[in-house]
Amino acid sequence: MPRRPPTAVDQYEALATVLRLVRRNRARTRPELGAAALMGRTVISQRVEEAMELGLLEDADTGPSSGGRAPRRLRFRSEEGLVLSAVLGAAALDVAVTDLDGGVLEHRHLEWPVARGPEETLDFLDGQFAGLLKGCDAARLWAVVIGLPGPVEFATGRPSQPPIMPGWDGYDLRGRLQDRYGVPAWIDNDANLLALGEAWTTGLDDDRHMIYVKAGTGIGAGIVSGGRIHRGSKGSAGDIGHARVLEDSSVMCRCGRTGCLEALAGGWALARDAVTAVHEGRSRFLADIHRAAGEITPADIGLGAAAGDPWCLTAVARAGERIGSLMAALVNFYNPDCLVFGGGAVTGADTFLRVVDHTVRSRALPLASADLIVRALRRGRDRRRRGRRPPRRRGTPVGGRPRGLGAVRKAVGGGARPARGRSLTHGRALPPAPMDARRADARRTDTGRVTHPSCLSRAQAPLEPLTYVCGMHKFPRQ
Ligand SMILES: [Zn+2]
């Protein structure tokens, strides 16, 4: 059968493969690229040449010789482009500018209710993006990436009936951003971006499988299969928060249905139950917070669990069991190598992870759970511009004084970082602490899913966006 001549699409894919391999340190020299990509020497040379013309690769030092002349190593030039990104939450958002390798150059965490609708939110984002690009060469902008806290129809980049985003349903976010910035816009569910970010940051091998569970105020998941996000037919794969896990019509969910996982184990549901517990006098810890702040956030419950408050510990354990129970079914179904939990103070609690781990292992098939890793999100690094003053807002808790975690630990009587598996107060009653500091940390932790630099940054320029950007932006259309 005669071989089909290569099309431009083939060339994009070959180029993206070459870039991905160099970028992820899977291959550093041309011979290594040929072996890893299963491409001939001529094709590799052509694609490397193209990448160099685009400014994305350059020759670096020489690699080890295998007998003949030592090959030149290649370097991915992440500084060639900039990516603007934003991850929206219910009450706050994060914006950042990153390089093409996902390194954060500048990041801001800001209070902003997503319920204000798309027009107002995008005007606000435009202002923030302009600030982030100040002093940068705007011509280097490659793409804009937005993560949304709700279902996104991936093919169109439009939110689809997001429960906590009134006014956003069907909004042409991609069109609006592409018109405004003249670059491709990548719109995705935040759990998908976080999953990609985690896979990228931790160097998840291409043949490995992971489920990232974001259990913050709401619950969602991103599925990484063979290094790529599995979105399913429309983009809703992994939306586990609204799976019905209880046949009880009295447990209302914010999506309008009943018995959803989120309505039992989501942060908002835990906070709802916590208020009841306070009124019934079942948690002194939360009663103190409620008296001082007038409300209870999911992160307050995580703090309470860390401080040994019995009600909070039980609530966190029950959430872990409910989530773990559903995850056991998913482990049987999908057989991942790794389950990663992030999204809030609750998921970071030792109790939560212990209960999830036990529940999954006791309910999933032995073969599916034998080598399964269950862990919390890892923290990554950022890559702020050298010589620049650290951004003022970075790490600043919303609505609170910029207190570091160490200061907060000191305030709650813990002092130095506790050893793994031990609570901050080692089971002692929590001494009185400045409420703003406790809540400041709580909020900081609660929004960790979006403020976490590696989550935000690494999600911006993984394999898929790079392929997309290469194909759509820098190359002429076929
Ligand atoms: Zn629901």
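The rules we used
Here, residues in each chain are numbered from 1, in the same order as that chain's written sequence. Predicted model: local features are reported for residues with pLDDT of at least 70 only, side-chain atom pairs are reported and counted for 80 or more only, and whole-chain, interface and lining totals are derived from all residues. In this scheme, strands are said to pair when DSSP sees at least two bridges between them. Only DSSP runs of H or I covering at least 4 residues are called helices, and only runs of E covering at least 2 are called strands; the numbering of each starts at the N terminus. In this analysis, axes come from line fits to C-alpha atoms, helices being fitted only over the stretch in contact, and the angle between any two N-to-C directions falls in the range 0 to 180 degrees. For this classification, under 35 degrees means roughly parallel, over 145 means roughly antiparallel, 65 to 115 means roughly perpendicular, and everything else is oblique. Throughout, a crossing is termed right-handed when the near helix is turned clockwise from the far one, and left-handed when it is turned anticlockwise from it by less than a right angle. Note on contacts: each residue gets a C-beta atom placed from the backbone, and two residues are in contact if those atoms are within 7 Å. The nonpolar core criterion groups buried Ala, Val, Leu, Ile, Met, Phe, Trp, Tyr and Cys residues into a set whenever they are joined through C-beta atoms within 7 Å. Exposure criterion: with C-beta atoms placed from backbone coordinates, a residue whose C-beta has 20 or more other C-beta atoms within 10 Å is buried, one with 12 or fewer is exposed, and one in between is partly exposed. Charged residues are taken to be Asp, Glu, Lys and Arg, nonpolar residues to be Ala, Val, Leu, Ile, Met, Phe, Trp, Tyr, Cys and Pro, and polar residues to be all remaining types, Gly included. The score called pLDDT rates the predictor's confidence residue by residue, from a low of 0 to a high of 100. Here, expected helix span is obtained from the residue count minus one, scaled by 1.5 Å. Regarding the arc, it is the one traced by the directions from the helix axis to the C-beta atoms.

### A few points about the sheet that holds strand S9 (residues 185-189)
Read across the open sheet, the five strands follow the order S5-S4-S3-S6-S9; overall the sheet is mixed. Each edge of the open sheet is held by one strand with a lone partner, namely strand S5 (104-111) and S9. With strand direction ignored, the average angle separating the axes of adjacent strands in the sheet is 15°. Taken together, the seven bridges between strand S3 (residues 82-88) and strand S4 (residues 92-99) define a ladder with antiparallel strand orientation. Across the sheet, the residue bridging to Val-83 is Thr-98, located in S4.

### A few points about the packing of helix H2 (residues 30-37) against helix H3 (residues 41-53)
Axis separation between H2 and H3 bottoms out at 9 Å; the angle between their running directions is 115°. In terms of their interaxial angle, H2 and H3 are classed as roughly perpendicular. When you trace H2 past H3, the crossing you get is right-handed. On the side of H2, the interface is formed by Arg-30, Leu-33 and Gly-34, while H3 contributes Arg-41, Ile-44, Ser-45 and Val-48.

### What about the sheet that holds strand S13 (residues 338-342)?
Neighbouring strands of a sheet are bound in pairs by backbone hydrogen bonds; such pairs are parallel or else antiparallel. Pairing in this open sheet of five strands is mixed, and the strands run S12-S11-S10-S13-S14 from one edge to the other. Since the sheet does not close on itself, it has two edges, and those belong to strand S12 (228-229) and strand S14 (373-376), each with one partner. The sheet contact formed by S13 and S14 spans four bridges and is parallel. Note that in S14 the partner of Phe-341 across the bridge is Ala-376. Where helix H6 (residues 190-201) meets the sheet, it contacts strand S10 (209-215), strand S11 (219-225), S12 and S13, and its direction lies at approximately 45° from that of S11. Across the face of the sheet, helix H13 (residues 350-363) comes into contact with S13 and S14 while running at roughly 160° to S14.

### Considering the nonpolar core
If you look at the biggest cluster of nonpolar residues, it comprises 98 residues, and the most contacted ones within it are Ala-195, Tyr-212, Val-213, Leu-261, Leu-286, Ile-323 and Met-327. Among the elements that make up this core, the one with the highest residue count is helix H11 (residues 310-334) (eleven residues). Ranked by size, the runner-up nonpolar core spans 15 residues in total, among them Ala-16, Leu-19, Ala-27 and Leu-74.

### As for unusual backbone geometry
If a residue is not glycine, its phi is most likely negative; likewise, a peptide bond is most likely trans. In this model, Asn-25 sits at a positive phi of 60°, which is unusual for a non-glycine residue. By the secondary structure assignment, Asn-25 is in the loop between helix H1 (8-23) and H2. We note that Asn-335 has phi near 55°; this positive angle belongs to a residue other than glycine. Among the structural elements, Asn-335 can be located in the loop between H11 and S13.

### Considerations on the pairing of S3
Looking along a regular strand, one sees side chains alternate from face to face of the sheet. Of all seven residues in S3, seven are buried, a share of seventy percent or more. The two faces of S3 match: Leu-82, Leu-84, Ala-86 and Leu-88 on one face and Val-83, Ser-85 and Val-87 on the other face are all buried. Between S3 and S4, which pair antiparallel one after the other, the connecting turn spans three residues. Two strands pair when backbone bridges link them, and S3 and strand S6 (residues 141-148) are joined in this way by six bridges, in the parallel orientation. Its bridge partner being in S6, Val-87 is matched across the sheet by Gly-147.

### Re the environment of Val-152
Here Val-152 shows up in strand S7 (residues 152-153). Between the C-alpha atom of Val-152 and that of Gly-170, which follows or precedes it by 18 residues, the distance is 9.0 Å. If we skip the residues at most four places from it in the chain, Val-152 touches Gly-157, Pro-159, Ser-160, Ile-187, Asp-188, Asn-189 and Gly-235.

### Some remarks on the packing of helix H8 (residues 267-279) against helix H9 (residues 284-293)
In the contact formed by H8 and H9, the axes pass within 9 Å of each other and the chain directions differ by 100°. Judged by the angle between their axes, H8 and H9 are roughly perpendicular. Together, Ala-274, Ala-277 and Val-278 of H8 and Leu-286, Ala-287 and His-290 of H9 make up the contact between the two elements. Among the residues making up the contact of H8 with H9, the classes are represented as five nonpolar, one polar and no charged.

### Here we look at the pairing of S9
Of all five residues in S9, five are buried; the element is thus mostly enclosed. Here S6 pairs with S9 via five bridges, running parallel. Within the sheet, the bridge partner assigned to Val-145 lies in S9 and is Trp-186.

### Side note on the confidence of the model for the chain
Mean pLDDT over the chain: 77, with 76% of residues reaching 70 or higher. Per-element confidence in the chain ranges from a low mean pLDDT of 27 for helix H15 (residues 405-411) to a high of 96 for helix H4 (residues 118-133). Low pLDDT (under 50) marks residues 380-478, which in the prediction has 205 contacts with non-local residues, meaning those over four places away or in another chain.

### Digging into H3
Because each turn of an α-helix spans 3.6 residues, side chains separated by three or four positions end up pointing in the same direction. Along its 13 residues, H3 runs 18 Å from first to last C-alpha, staying within 8% of the 18 Å computed at 1.5 Å per residue. All of the buried residues along H3 are Ile-44, Arg-47, Val-48, Glu-50 and Ala-51. Buried residues of H3, seen end-on, are gathered within an arc of 160° and therefore sit on one face of the element. Across H3 from its buried face, at more than 90 degrees, point the exposed residues Arg-41, Thr-42, Glu-49 and Glu-53. Gly-55 lies just past H3 and shows a positive phi near 85°.

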